[in-house]
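# Survey of secondary and tertiary structure
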Amino acid sequence: MSTSVRIRKLPQMESLGNIYATLRLCILFLLVTISVAAQVPTPNSVLGFHPTDDKTIADWKQITDYFTKLDKASPKVLVKEIGKSTLGKPLIVAFISSAENIKNLEKYRRISARLADPRTINGDAELTNLLGNGKTIVSISCSIHSTEIVASQMSMNLAYELASTTDAGTKEILDDTILLLIPSSNPDGVQIVADWYRKTLGTKSEGASPPELYHHYAGHDDNRDWFMLNLKETQAITKFFWKEWFPQIVYDVHQQGTNASRFIIPPFFDPPNPRVSPLILRQVGLIGYKMAADLQAAGISGVATNSTYDTWWHGGFRSAPYFHNSIGILSEAASANLMTPINVTVDDLKRNRGVRGLPSPLETATNYPEAWPGGLWRPADIAKIEMTSSRSLLEMAAKFRPDYLRNFYELGRANLSPTKSDPQAFIVTAGQPNAENVSRLLEILIWQGIEVHQMTHELEIADEKHKADFHEVPLGSFLVFVNQPQKNNVLSLFEKQVYPNRVNANGEAEVPYDVAGWTLPLQVGVETVTAWSIKDLDKQAASLKKLENINQARLQLNLEPTKEPFAKPSNPLRTNPRIGLYKGSTGSMDEGWTRFVLDTFQIPFASISDADMRTGKLDYDSIILPADGENTIVKGLSADRYPAEFAGGIGDVGVENLKKYVENGGRLICFDDSCAMVIKNFGLPIKNVLDGLKRNEFYNPGSIVKLHVDTKDPLTKGIGEETAAYFITSAAFEITDNAKVRSIAEYASKDALLSGWMLGEKYLNGKTALAEAQYGKGKVVLFAFRPQHRGQSWATFPLIFNALEK
Ligand SMILES: [Zn+2]
């Protein structure tokens, strides 16, 4: 709303006799409106342009400046820095609510925190009081994926609208909800994209993605980290959400491709995760339908529900809330080219190969009642959809405030009651050799608000369901009880995932949205025992000490206490090798995660550019090629779209230089996809047996598998005979010349799947997962799987470290 809207109403005044009086009233009203509006700066007045207009972009400095000015000008806005980004930028949250609520934020935060843990509430009267006085805490978060840039720009318009308008609807929202608006959960990326977009405006690269990762370590995978908490941004927001504010509704705003539906919102597609409460799923769906109805009423076509995205996987911004009894909403608007409008033709839309639940963006269906016909598509179109859906969500949060608070409380309460089908606790047993891994696992749990107890007295447990033969657990073990408000989080992190066998009519696997399995102790290489029952727990309760911080665990584990959370373990290498990590211009997430692991373990290394590969400047003991395909590595970015300095990959000359490097005694370490390029171009006697198999023969979209390890091999130091490894559409090798290639680890010959989903396991059973090939005077180490997957697979990190030793 603006003053111009009110002025336009004047010619419609009918009675001439009344016009003078009406005019006077109008002028008075206008003055009042102007005086309010004058206090609240428009984004335009601060930036010099209206955010979301074509070819404009506000960088992180401008966005934080605007929010700072809004905070100063409006009693309805309070901006807080909740941490620093990976590259040191302020990560901010704008609290938006009525002036009265903003004055009493701490009171409302406490109410939300108590509703999150029903054990803190004494009796019905107190509960009634909290439910009556609490506000619905809502978070809207923008552009975690930085090329999905519009939401970060839209956030300023949304904040301005809420702070400056005074209609009854807005008043209701401000009175009954507290909005935690996160203009971006990846500030570094907003800056990277804004700098690149401005630099390339008017060139052939205008609107292209930047030639680097838009998160320093994770790129797009910054939204795959919400249970592992590797990244500073995830850590800060997780603490803010699940140890401080406990939002009942979390909305994460994204964009999808250009030639698709215009918008995808919940309800989501199948399969649902059995650990997500049915009530959560229903509430997620209800908000999605409210958004869909409001968008339709506003004349916006091309909106799809029940498509593409599922609730199976645990690690996303909007999926983590399900495991904290909260509602998580995701929306995906069709993209423009960053802030440059595009023209989408019917032929473009016809080329869309379809997604789950939506075979074509041109065909209507019950979940897609009006197709978008194509045409001009501008950032402002995206912003309008996102503003409308944000408004829908806030209206729901305000109007149904008592229901949201009550349901949130009831879900937490239900989690405290024991059920026969669940174990009593998971136990991290004492005496494990890898203390740093144990410590990291416990820290991840404690950081997201899961309670961990330390045993100060022996306990006896039954570790099989329905059995009563108890045995002792070693003193000093850690217990994670299932019956806590975050019960589903505990179960989902500790259990083995069993993904339903979803195949199409022709037997081909239906592709899930993300990975199928993630069991945390398996990934981090920590042994746990499931305690189905604990003997005389009531009597033993006093001997259990709740861990208040990670140092209590570290001391118990004989580790140095840490000052910083998620401290970096010391360099595990015994030698001091010169390490090179290939870093092309394509922005490889696997390169980023490899860099993350090396940085985390304080292992010095240098990045090798495409140009270094082409000139053959390869003065290293070891070179790592992250998991990328041959085209990405050898051809790189297209010169049609990118300046010469970023285009062309390592080229054929780079491949020849790599060969010479190994022939002359260097060591090349290949992860997953990059193995194929090296096997082919080096002519190694190795075959990937999964190559060419159809999706009805073999399929594994991301699961934990079991390896058998040759423990006598120096490359396997610190690894047991069996280890869990991460497989994500990876490879399995057959060695055709055993004189030249050594098999160091194989996929288990049966029952190789530990957690997730694998179709046609027989194809990989017993095949090689880790090999070392002699090539000239040097060696090639080939990991068929991802030994550093998303920085999560601590179990297999030692294999990387061993391969790097001189
Ligand atoms: Zn996204």
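What this report covers is the structure whose coordinates are included nearby.

Each value, and the rule that gives it
Residues numbered from 1 in each chain as written. Predicted model: local features only at pLDDT ≥ 70, side-chain atom pairs only at ≥ 80, totals over all residues. Heavy atoms only, no water. Pairing = 2+ DSSP bridges. Helix = DSSP H or I, 4+ residues; strand = E, 2+ residues; numbered from the N terminus. Donors = N, O, S within 2.8 Å, 3.2 Å for Na, K, Ca; no water. Tetrahedral: all angles 85-135°; square planar, octahedral: opposite > 155°, others 65-115°. Buried < 20%, exposed > 50% of the residue type's maximum accessible area, 1.4 Å probe, protein only. Contact = heavy atoms within 4.5 Å. Axes fitted to C-alpha atoms, helices over the stretch in contact; angles between N-to-C directions. Parallel < 35°, antiparallel > 145°, perpendicular 65-115°, else oblique. Left-handed = near helix turned anticlockwise from the far one by under 90°. Salt bridge = Lys/Arg side-chain N within 4 Å of Asp/Glu carboxyl O. Nonpolar A, V, L, I, M, F, W, Y, C, P; charged D, E, K, R; others polar.

### Describing the sheet that holds strand 2 (residues 90-96)
Spatially, the 8 strands line up as an open sheet ordered 1-2-4-3-5-8-6-7, and their pairing is mixed. Each edge of the open sheet is held by one strand with a lone partner, namely strand 1 (77-84) and strand 7 (303-304). Bridge count between strand 3 (residues 136-142) and strand 4 (residues 177-182): 6 bridges; the pairing is parallel. In the strand pairing of strand 4, isoleucine 140 is matched with leucine 181.

### Section: the coordination of the zinc ion
Bound to the zinc ion on the protein side are His145 (ND1), Glu148 (OE), Glu148 (OE) and His254 (ND1), at distances that span 2.1 to 2.5 Å. Seen from the zinc ion, its 4 donor atoms lie at angles of 55 to 148°, and the figure they make is irregular. On the primary sequence, the residues serving as donors to the zinc ion are separated as H-x2-E-x105-H. With glutamate 148 in the loop between strand 3 and helix 8 (150-164) and histidine 254 in strand 5 (residues 249-256), the pair connects residues that are 106 residues apart, well separated along the chain. On the accessibility criterion, glutamate 148 (9% relative accessible area) is buried.

### Concerning the side chain of glutamine 454
Mapped onto the secondary structure, glutamine 454 falls in strand 12 (residues 453-455). Excluding anything up to four places from it in sequence, glutamine 454 contacts Ser477, Phe478, Ser543, Leu544, Lys545, Leu547, Gln552 and Gln556.

### So, the packing of helix 12 (residues 278-297) against helix 15 (residues 401-414)
Interhelical geometry of helix 12 versus helix 15 gives an angle of 155° and a closest axis separation of 11 Å. If you check the angle between helix 12 and helix 15, you find them roughly antiparallel. In terms of crossing hand, the pair formed by helix 12 and helix 15 is left-handed. Residue-level contacts link Leu279, Ile280, Gln283 and Ile287 of helix 12 to Tyr404, Asn407 and Leu411 of helix 15.

### Structural notes on the pattern of salt bridges
Summed over all chains, the structure comprises 47 salt bridges. Put simply, arginine 391 and glutamate 161 hold a salt bridge, and the shortest N to O gap is 3.2 Å. Taken together, the residues span a long stretch of sequence, with arginine 391 in helix 14 (residues 379-399) and glutamate 161 in helix 8 at a distance of 230 residues. Exposure remark for arginine 391: the relative accessible area of 17% places this residue in the buried category. Owing to a relative accessible area of 23%, glutamate 161 belongs among the partly exposed residues under this scheme. Across the pair aspartate 737 and lysine 740 runs a salt bridge, and its minimum N-O distance is 3.9 Å. By sharing partners, the salt bridges in this structure join Glu161, Asp167, Lys290, Asp294, Arg391 and Glu395 into a single network.

### Quick notes on the pairing of strand 29 (residues 768-775)
The element strand 29 is largely enclosed, with a buried count of 7 among its 8 residues. Note that strand 27 (residues 741-747) and strand 29 share 5 bridges and pair antiparallel. The residue of strand 29 that forms the bridge with alanine 745 is leucine 770. Between strand 29 and strand 30 (residues 778-783), which follow one another and run antiparallel, lie 2 residues, and glycine 776 among them has a positive phi close to 60°.

### Description of the side chain of histidine 789
Mapped onto the fold, histidine 789 is located in the loop between strand 30 and helix 26 (797-804). Using a relative accessible area of 2% as the deciding quantity, one classes histidine 789 as buried. Those residues in contact with histidine 789, other than ones at most four positions away along the chain, are Gln523, Tyr726 and Ile728.

### Let's talk about the packing of helix 6 (residues 105-116) against helix 7 (residues 123-133)
Relative orientation of the contacting elements helix 6 and helix 7 amounts to 130°, with a least axis distance of 10 Å. What the angle tells us is that helix 6 and helix 7 run oblique. Between helix 6 and helix 7 the crossing geometry is left-handed. On helix 7, the residues that touch Tyr108, Ile111, Arg114 and Leu115 of helix 6 are Glu126, Leu127, Leu130, Leu131 and Asn133. A class-by-class count of the residues in the contact of helix 6 with helix 7 yields 6 nonpolar, 1 polar and 2 charged.

### Details of unusual backbone geometry
The amide bond that connects proline 266 to the next residue, proline 267, takes the cis arrangement and shows omega of 0°. A cis amide bond links aspartate 270 with the next residue in sequence, proline 271, at an omega value of 0°. Among the secondary structure elements, proline 271 is positioned in the loop between strand 6 (263-264) and helix 12. Positive phi is not limited to glycine here, since aspartate 536 has a value of about 50°. The topology assignment puts aspartate 536 in the loop between strand 17 (533-534) and helix 19 (537-540). The phi torsion at aspartate 672 lies on the positive side, around 45°, for a residue other than glycine.

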